[in-house]
Each structure stands twice: as structure tokens, then as C-alpha cells.
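Letter by letter, the chains look like this.
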Amino acid sequence: MNYYNDNTVVFLDGQFVKATEAKVDLYTQSLHYGYSVFEGIRSYKTVNEETKIFKEKEHYERLKNSADALSIPFNYSVQELIDATYEVLDQNNLQDAYIRPLVYGPSNMSFNKNNESHLVIAAWEMPLFLGDKLIRVMTSSFERPNPKGFKILAKASGHYVNSILASYEAKAKGFDEALLIDMNGYIAEGPGANVFYEKDKVLHTPAKGNILPGITRATVIEICSELNIHVKERFFKPEEIQGADSCFYCGTAAEIVGLESLDNIPFKLKWEDSFGYVIQQAYKNLICEKEYNEKVKNQNSKILNFDFAENYIKK
């Protein structure tokens, strides 16, 4: 994938500069120790041809909270970052885009606290992170980090070494992705995505504590509330998911992606007959600010077994 070219513009420390001319200090804690924080955000072309960043306020508030959690100086307001991001999109002629803000440290090879930080916002076109087909997942031998060892709610760069190792392992064994457990043996999340499974017309998702409670996860719960789909946030073991009715991952980069199987045990329902499919359609309409058409409404009504919200769209 080409993330940039000679004409790509990024926002770096308050200035819009060519990506090919941007410089990063080789002696930063961020490069050597993973001591930085970031966000993954998407923008979309709406049905009205406008460019809209999805949940921009929530993402930039989390970026600030992540920086605060790691004691990284953070000197921008949320609105300043939103405005800068729209300018990055405009200068790069992007509408459907993946956006990556990163806050990283200055030259500092010690373990002393930084008194300043740098911030870059880049954007590029990126397809769905896990594709648009059902995926085969395995329970990883890697565990989600102990929350007593990290600020687990911070979206810190160093945390994702764990995700990369789990994903590498799964792909080496012929799977599409991994599913991580926590130190107590409970399901936590996928590498960079939260997980939901359906059983007996109820959705279950891991409770907060050992997960990064994603913004897309929160959006899924909001959609379920609108559609009267019952969601239980609780702790559960891998064997409870295996062979359930359906299952899906959700995250900004992946959006909503269904699982075909876990540990080679397939899920019972056809994806098109599952709650995950309903939520996937709702999410697609939400991000582009589109109301449901009659065909989708009727299909979803059959799955939900009650009158579908006629003009469902989250403002």
C-alpha cells in the first residue's frame, strides 16, 4: 500500500508540510520504546457529497486522554485538531480516508519525562482493514497485557506489539486473524478490534477492564439500543463463543466484519440472518448519513422480528 507520494501533505506541529519533507528525530523515546499515542479515524463521503469525519470529537478526546495517561504533553484543543484534519483531507483531495494522528516525543533516550511533544496528522485511502468477507479466527497464545502493567485504556503505540505478534501467529497458521484472551482466561479483543457474539437473540461483548473500549464498540451498542437488540457486557471464556449463532469484530479500520469460524468451529447462522449483519447495514448507513431503503428495512425486520425503525439515522 502506498501511504504517500511526492504531493502528499501532512499536518506537523502546526504546519502543513509535504510528507516527503517531514522529519522525525531518531533519538525519541517514541521510536526506541514505543512511547507515543495515536488514533485511527475515518472520514467518509456522505450521500450529500460532503466529507465528514466520523466521531471526530470522540477520537480526539481519546487522543488527549491517552496522552494525559502517559504524561505526554498535549497542547492542542480538540477543535484545533478537527479543523487541521479537515484541511489535511482537503489538501490531499480525500473524502473516504483513513486518518492517523500521532503524538510522539522529542529527542530523549533516557527514562525522564518529556517537557514537549510533536504531533502529526496523516491521511490516506485504505480499504477495510480485515477485508469485506467473513474471516476465520483463532484463539491466540498471546494474552492481552495485564492492566496493572500498562495504562490499558490509553491507545499507546507500544501496546500494539502485542497485537502484531498475535496477528502474525494467526496468519502463519492459516487463519485471517487472532482473538486474544486476558490474564484470567476471559475473551478480551482482536488485534485492533472489539468482539461481539450472538446467542439466543442476545449479543455479548467483553466487559471493560482488560480491553480498549473502542469508539466503534460504543457505536455498535448505540445502534443496538436504537434497534432494541439486547447487549450484555460481561466476562466469558472462549468456549462460550465457539459454535455460537454468530460473531463479529468491530473497529474504525475494520468497521463491522463477520466471523466465519473460531478455532475452525463455524458459527451457526448465515451472516445475512444474524444481528451482526443488521448492525453492519446500520453502521454503513450511519457513516454516510443515509437512511434505510425499503429492501434493507424489510430484511432486517425479519431478522429482528419486530418493526424496524423506519428512518433510523443517528444524528
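Scroll up to find the structure.
Before going into details, it helps to say that this report is about the structure given with it. Please read all numbers here as calculations on a predicted model, not as lab measurements.

### Examining the nonpolar core
Logical step 1: Counting residues in hydrophobic clusters, the biggest one holds 25 residues, and the most contacted among them are Val37, Tyr60, Leu63, Ile99, Leu119 and Ile121.
Logical step 2: Elements with a contribution of two residues or more to this core: helix H2 (56-69), helix H3 (78-91), strand E6 (97-104) and strand E7 (118-124).
Logical step 3: When residues no more than four places from it in sequence are discounted, the contact partners of Leu119 are Phe11, Leu12, Asp13, Leu63, Phe74, Tyr76, Leu81, Leu102, Val103 and Tyr104.
Logical step 4: Grouped together as the second largest cluster of nonpolar side chains are 22 residues, Phe54, Ile229, Val231 and Trp271 included.

### Considering the pattern of salt bridges
Logical step 1: In total, this model carries twelve salt bridges according to the counting rule given.
Logical step 2: Across the pair Lys52 and Glu50 runs a salt bridge whose closest N-O atoms are separated by 3.9 Å.
Logical step 3: The class of Lys52 is partly exposed, set by a relative accessible area of 28%.
Logical step 4: Arg234 is the partner of Glu240 in a salt bridge, and the nearest nitrogen-oxygen pair spans 2.7 Å.
Logical step 5: Residue classification places Arg234 among the partly exposed residues on the basis of a relative accessible area of 24%.
Logical step 6: One connected set of salt bridges, linked through shared partners, spans Glu50, Lys52 and Glu289.

### A word on a nonpolar patch on the surface
Logical step 1: Residues Leu26, Tyr27, Leu31, Tyr33, Met109 and Phe111 make up a contiguous nonpolar surface patch of roughly 730 Å² in combined accessible area.
Logical step 2: Relative to the assigned elements, Leu31 resides in helix H1 (residues 29-33).
Logical step 3: For Leu31, a relative accessible area of 54% translates into the label exposed.

### Focus: the pairing of strand E11 (residues 194-199)
Logical step 1: Counted residue by residue, E11 has five buried out of six residues, so it is predominantly covered.
Logical step 2: With five bridges joining them, E11 and strand E14 (residues 246-251) adopt antiparallel strand pairing. Looking at E14, one finds that Glu198 is bridged to Ser246.
Logical step 3: Sheet topology places E11 next to strand E12 (residues 202-206); three bridges connect them, and they run antiparallel. Paired with Tyr197 across the bridge in E12 is His204.

### Describing helix H7 (residues 275-287)
Logical step 1: If you check H7, its first and last C-alpha atoms are 18 Å apart, about what 13 residues at 1.5 Å a residue would give, namely 18 Å.
Logical step 2: The buried fraction of H7 is high, at twelve of 13 residues.
Logical step 3: Looking at H7, one finds that the buried residues are Phe275, Gly276, Tyr277, Val278, Ile279, Gln280, Gln281, Ala282, Tyr283, Asn285, Leu286 and Ile287.
Logical step 4: Directly beyond the C-terminal end of H7, a positive phi value near 60 degrees is found at Glu289.

### Comments concerning the environment of Tyr3
Logical step 1: Structurally, the position occupied by Tyr3 is in the segment before strand E1 (9-12).
Logical step 2: Counting along the chain gives 118 residues from Tyr3 to Ile121, while the straight-line C-alpha distance between them is 13 Å.
Logical step 3: Once residues within four sequence positions are removed from consideration, Tyr3 is found in contact with Ala123 and Trp124.

What counts and what doesn't
Residues numbered from 1 in each chain as written. Predicted model: local features only at pLDDT ≥ 70, side-chain atom pairs only at ≥ 80, totals over all residues. Heavy atoms only, no water. Core = buried A, V, L, I, M, F, W, Y, C linked by side-chain atoms within 4.5 Å. Buried < 20%, exposed > 50% of the residue type's maximum accessible area, 1.4 Å probe, protein only. Helix = DSSP H or I, 4+ residues; strand = E, 2+ residues; numbered from the N terminus. Contact = heavy atoms within 4.5 Å. Salt bridge = Lys/Arg side-chain N within 4 Å of Asp/Glu carboxyl O. Patch = residues over 30% accessible without salt bridge, like charges linked within 9 Å, V, L, I, M, F, W, Y side chains within 5 Å. Areas by Shrake-Rupley, 256 points an atom, 1.4 Å probe, with all protein chains shown as cover. Pairing = 2+ DSSP bridges. Expected span 1.5 Å × (residues − 1).

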